[in-house]
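# An overview of the molecular structure
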Amino acid sequence: MKVNSLPVLTSRAAPPGSHCPDTRPAGPPTPAAERRARQDIQTRLERRFPDVPAETLATTAAEAFAYFADARVRHYVPVLAFKRASRQLSAGFRTRADAGGAA
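The following refers to the structure shown. (Residues numbered from 1 in each chain as written. Predicted model: local features only at pLDDT ≥ 70, side-chain atom pairs only at ≥ 80, totals over all residues. Heavy atoms only, no water.)

### Observations regarding the packing of aromatic side chains
Under the definition given, this model contains one aromatic pair. Ring geometry for Tyr-67 and Phe-68: centres 5.0 Å apart, planes at 85 degrees, overall edge-to-face. A residue is classified by how much of its surface remains accessible, and Phe-68, at 16% relative accessible area, is buried. Looking at Arg-44, its charged tip hangs above the ring of Phe-82, at a distance of 3.8 Å from the centre. For the cation-ring pair, Arg-84 lies above Tyr-67, with the distance from its terminal atom to the ring centre recorded as 3.5 Å. (Phe/Tyr/Trp six-rings, centres within 6.5 Å; stacked < 30°, edge-to-face > 60°. Buried < 20%, exposed > 50% of the residue type's maximum accessible area, 1.4 Å probe, protein only. Lys NZ or Arg CZ within 6 Å of the ring centre and 35° of its normal.)

### Remarks on helix H1 (residues 31–48)
Along an α-helix, residues three or four apart share an orientation, since each turn contains 3.6 residues. With 18 residues, H1 should cover 26 Å at 1.5 Å per step; its first-to-last C-alpha distance of 26 Å lies within 8% of that length. Among all positions in H1, only Ala-37, Ile-41, Gln-42 and Leu-45 are buried. What you see down the axis of H1 is that its buried residues fit within an arc of 140 degrees, all on one side. Looking at H1, the residues exposed on the side facing more than 90 degrees away from the buried face are Arg-35, Arg-36, Gln-39 and Arg-47. (Helix = DSSP H or I, 4+ residues; strand = E, 2+ residues; numbered from the N terminus. Expected span 1.5 Å × (residues − 1). Arc of directions from axis to C-beta.)

### With respect to the packing of H1 against helix H2 (residues 54–67)
Where H1 contacts H2, the two axes come as close as 10 Å, and the packing angle between them is 135 degrees. Here H2 runs oblique to H1, going by the angle between their axes. Handedness of the H1/H2 crossing: right-handed. Across from Ala-37, Arg-38, Ile-41, Gln-42, Leu-45 and Glu-46 in H1, the residues of H2 making contact are Ala-54, Leu-57, Ala-58, Ala-61 and Phe-65. Its residues assigned to classes, the contact of H1 with H2 shows eight nonpolar, one polar and two charged. (Axes fitted to C-alpha atoms, helices over the stretch in contact; angles between N-to-C directions. Parallel < 35°, antiparallel > 145°, perpendicular 65-115°, else oblique. Left-handed = near helix turned anticlockwise from the far one by under 90°. Contact = heavy atoms within 4.5 Å. Nonpolar A, V, L, I, M, F, W, Y, C, P; charged D, E, K, R; others polar.)

### Re the nonpolar core
With 14 residues, the main nonpolar core has Ile-41, Leu-45, Phe-49, Leu-57 and Leu-89 as its most contacted residues. Counting only elements with at least two residues in this core, the list comes to H1, H2 and helix H3 (77–102). Setting aside its immediate chain neighbours within four residues, Phe-49 contacts Leu-57, Ser-86, Leu-89, Ser-90 and Phe-93. (Core = buried A, V, L, I, M, F, W, Y, C linked by side-chain atoms within 4.5 Å.)

### Considering the side chain of Thr-60
Of note, Thr-60 is situated in helix H2. Using a relative accessible area of 8% as the deciding quantity, one classes Thr-60 as buried. Side-chain polar atoms of Thr-60 contact the backbone oxygen of Thr-56, separated by 2.8 Å. Ignoring any residue separated from it by four or fewer positions in sequence, one finds Thr-60 in contact with Ala-85, Gln-88 and Leu-89. (Polar contact = N/O pair within 3.5 Å; in protein donor to acceptor, adjacent residues only side chain to side chain.)

Structure (structure tokens):
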């Protein structure tokens, strides 16, 4: 059985050990992009935790972003900050539920 294969385009091929050219971030996020990411995280947290006051969500999100303030790779900070804030808020709910159930 003969297998037909397409030629490899060497002009767009990434060097061994590097990322695919299409998925690499072009550069660090701009301050405007980081502000939009913070707003997006705030909105996502409001949808996920509708019973939590907005001030608490804002504080938790700010603390999560502050945790990653010194991160060298800024591209993933919004995702990591969202996960960290969500975990903190979920843990707060579990703690309150445990305390309420024991009383």
